[in-house]
Amino acid sequence: MATSKSGTSLSPMVVFLLGAASATALLLFFLTSAARPALETGALRREEVRPDSATVRRSTPRANGTAGAEQHAGVAAPPANEAGAGGESEFARMLRAAAMEDRTVIMTSVNEAWAAPGSLLDSFLGSFRVGENVSHFVNHIVVVAMDDGAFRRCRDVHPHCHLLRPEKEGLDLSGAKSYMTKDYLDLVWSKLKLQQRILELGYNLLFTDVDVAWFRNPLVHITMAADITTSSDFYFGDPDDLGNYPNTGFIYFKATPRNVRAMAYWHAARRRFPENHDQFVFNEIKRELAGGEVGVRIRFIDAKDVSGFCQLGRDLNRIATVHMTCCVGLENKLFDLKRVVEDWKRYMAHPLWERRMGKIGWRFEGGRCIH
């Protein structure tokens, strides 16, 4: 066995072990030193955002141009930001509960006068009960209440109600607003940003005014080839003709980034037409929306199918919905809406063979809007 020449000399094995131990200790030292600043920084950041810290800010979710489109590139994905500020998480859960399988939500809006017992909301919901295979659509309707009274009444008669505060603080939207008054304009414009928000959350949107009677499924007249499908006050035969006059009281939006941009563009255009309602502005800018940077495809529905008093379809075998258009005043709308529902019930009471003959039509005598 080999021995060292000096009693104090170390064997090669001992030297190797000592060197390895020293290297390991040195490595641990550097790792510990490098990790400490990051841990301290993380603790500092957590301290900076304590709930009682002055750096915490509360915000109300709002639609802001194309931000939603950029965040929602897939659009068909489930809604994000479920823990959002304010009432957004509750609204998002409501949309999920109300949405159809293809993520389509039906939306209407009411104020206290329209939601009162015996008023437009009751007639609107009642039409689904007498319509042909449309009663299930009620489960997919979100009723947007424009004031506290409308919200309370909505919750008495419908499962999906959302209270929308007006953009202008202190604005009272509860009464039967006269057509084209300032309060009326604020009422109809207040819902537009919420519609944009629905698109940003990835839901297709079918908006219907509450003075529309639903008798058949109108979705069969909506094509996925278009970004926006709208009903028509006056329809001239070509669904792609931008010369048709739209009625935005029945309008469908696919959940696409283009439509988010279109909605923001539409709302911003109010400044150019301050004395007019949303439908007038949409008609004025429809060619701008279809061209340029927005580039949406707009399609119009034949007024014989999705109809209104401006150009009323006469064939009840085709009618899907009837809108109280070209009619001014809550009482007048309500009077004729009830008559339309009664006419439909009379039509449905006849046997199928007789209905198909096409001889059962509207009774116009005594109407305040229809003639």
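Residue positions are given per chain, counting from 1 as you read along its sequence in written order. Side-chain atom pairs in this predicted model are given and counted only at pLDDT of 80 or more, local residue features only at pLDDT of at least 70, and totals for whole chains, interfaces and linings cover all residues. Values reported for side chains reflect all heavy atoms of the structure, with hydrogen atoms and water molecules removed beforehand.

As recorded in an unreviewed UniProt entry, the protein chain goes by Nucleotide-diphospho-sugar transferase domain-containing protein and comes from Urochloa decumbens.

**Details of empty space enclosed by the protein**
One way to see where empty space is left: roll a probe the size of a water molecule over the atoms. Computed over the protein atoms alone on a 1 Å grid, cavities are sets of points where a 1.4 Å probe fits but cannot get out and pockets are open sets with protein on both sides within 12 Å along at least five of seven lines; a residue lines them when it has an atom within 4 Å of a point. Grid points are joined across faces, edges and corners, and a volume is the space filled by probe spheres set on the points. Counted under the stated rule, the structure contains 1 cavity of 30 Å³ or more. The space that makes up the largest cavity amounts to roughly 50 Å³. Every residue along the wall of the largest cavity is listed here: Val212, Ser231, Ser232, Asp233, Asn247, Phe250, Val306, Ser307, Gly308, Thr321, His323 and Thr325. Going along the chain from the N terminus, every DSSP run of H or I of four or more residues is numbered as a helix, and every run of E of two or more is numbered as a strand. Among the secondary structure elements, those contributing two or more residues to the lining of the largest cavity are strand 6 (228-234), strand 7 (245-253), strand 9 (306-308) and strand 10 (321-323). Polarity classes work like this: nonpolar for Ala, Val, Leu, Ile, Met, Phe, Trp, Tyr, Cys and Pro, charged for Asp, Glu, Lys and Arg, and polar for all others, with Gly in that last group. Looking at the lining of the largest cavity residue by residue, the classes come out as 3 nonpolar, 8 polar and 1 charged.

**Quick look at the pairing of strand 7**
Exposure categories follow from relative accessible area, calculated using a 1.4 Å probe and restricted to protein chains: below 20% of the type maximum is buried, above 50% is exposed, and the middle band is partly exposed. Within strand 7, 8 of the 9 residues are buried, which leaves it mostly tucked inside the rest of the structure. What makes two strands pair is DSSP finding at least two bridges between them. Strand direction decides the pairing type here: strand 4 (residues 204-208) and strand 7, joined by 4 bridges, are antiparallel. Bridged to Phe207 within strand 7 is Ile251. Summarising the sheet, strand 6 and strand 7 pair through 6 bridges and their orientation is antiparallel. Residue Phe234 lies in a different strand from strand 7, and its bridge partner there is Tyr245.

**Considerations on the state of the cysteines**
What we call a disulfide is simply a covalent bond connecting the sulfur atoms of a pair of cysteines. The disulfide criterion used throughout: a pair of cysteine sulfur atoms within 2.5 Å. Enumeration according to the criterion identifies 3 disulfides in this entry. Disulfide partner of Cys154: Cys161, at an S-S distance of 2.0 Å. Disulfide Cys154-Cys161: the torsion about the S-S bond is -85°, which places it as left-handed. Residue pairing for Cys310: its cysteine sulfur links by disulfide to Cys326, the two sulfurs lying 1.8 Å apart. Disulfide Cys310 to Cys326: torsion about the S-S bond roughly 100°, handedness right-handed. You can see Cys310 sitting in the loop between strand 9 and strand 10 and its partner Cys326 sitting in the loop between strand 10 and helix 11 (330-348), a full 16 residues away along the chain. Disulfide partners in the protein chain, listed by the sequence order of the bonded cysteines, are 1-2, 3-4, 5-6.

**Section: the sheet that holds strand 1 (residues 104-110)**
Taken together, the 7 strands give an open sheet; going across it, the order is 3-2-1-4-7-6-8, and neighbouring strands pair in mixed fashion. In this open sheet, the two strands that pair with only one neighbour each are strand 3 (161-163) and strand 8 (298-300). Along the sheet, successive strands turn relative to each other by an average axial angle of 35°, direction set aside. Across 4 bridges, the pairing between strand 1 and strand 4 is parallel. Fitted lines through C-alpha atoms give the axes, limited to the stretch in contact for helices. The angle between two N-to-C directions lies from 0 to 180 degrees.

**Focus on the packing of aromatic side chains**
Any aromatic ring pair is given by two values, namely how distant the centres are and how the planes are angled relative to each other. Aromatic pairs are defined between Phe, Tyr and Trp rings, using the six-membered ring for Trp, whenever the two ring centres lie within 6.5 Å; interplanar angles under 30 degrees are classed as stacked, those over 60 as edge-to-face, and all others as tilted. Overall, the coordinates contain 11 aromatic pairs when judged by the stated rule. Considering the side-chain rings of Phe253 and Trp266, the 6.4 Å spacing of their centres and the 35° angle between planes classify their relative orientation as tilted. Taken together, the positions of Phe253 in strand 7 and Trp266 in helix 9 (residues 257-268) put the pair 13 residues apart, joining distant regions of the chain. Among the aromatic side chains, those forming a connected cluster through ring pairs are Phe124, Phe128, Phe137, Trp214 and Phe250. The lysine or arginine in question, Lys286, covers the ring of Tyr245, its NZ or CZ lying 5.6 Å from the ring centre. Cation placement over rings: the criterion is NZ of Lys or CZ of Arg within 6 Å of the ring centroid and within 35° of the ring normal.

**Regarding the nonpolar core**
We define a nonpolar core as any set of buried Ala, Val, Leu, Ile, Met, Phe, Trp, Tyr and Cys residues linked to one another through side-chain atoms lying within 4.5 Å. Grouped together as the largest cluster of nonpolar side chains are 51 residues, with contacts concentrated most on Trp214, Phe215, Phe309, Val322 and Trp362. Of all the secondary structure elements, the ones that give two or more residues to this core are strand 1, helix 4 (112-115), helix 5 (120-130), strand 2 (141-145), helix 6 (148-157), strand 5 (212-214), strand 7 and helix 11. Of all the elements, helix 11 adds the most residues to this core, at 7 residues. Whether two residues are in contact is decided by their heavy atoms: any pair within 4.5 Å suffices. Excluding its chain neighbours within four sequence positions, the residues that come into contact with Phe215 are Ser127, Val130, Gly131, Glu132, Val134, Ile319, Ala320, Val322, Val340, Val341, Trp344 and Trp362. Among the nonpolar cores identified, the runner-up in size contains 40 residues, and Ala99, Met146, Leu192 and Leu242 belong to it.

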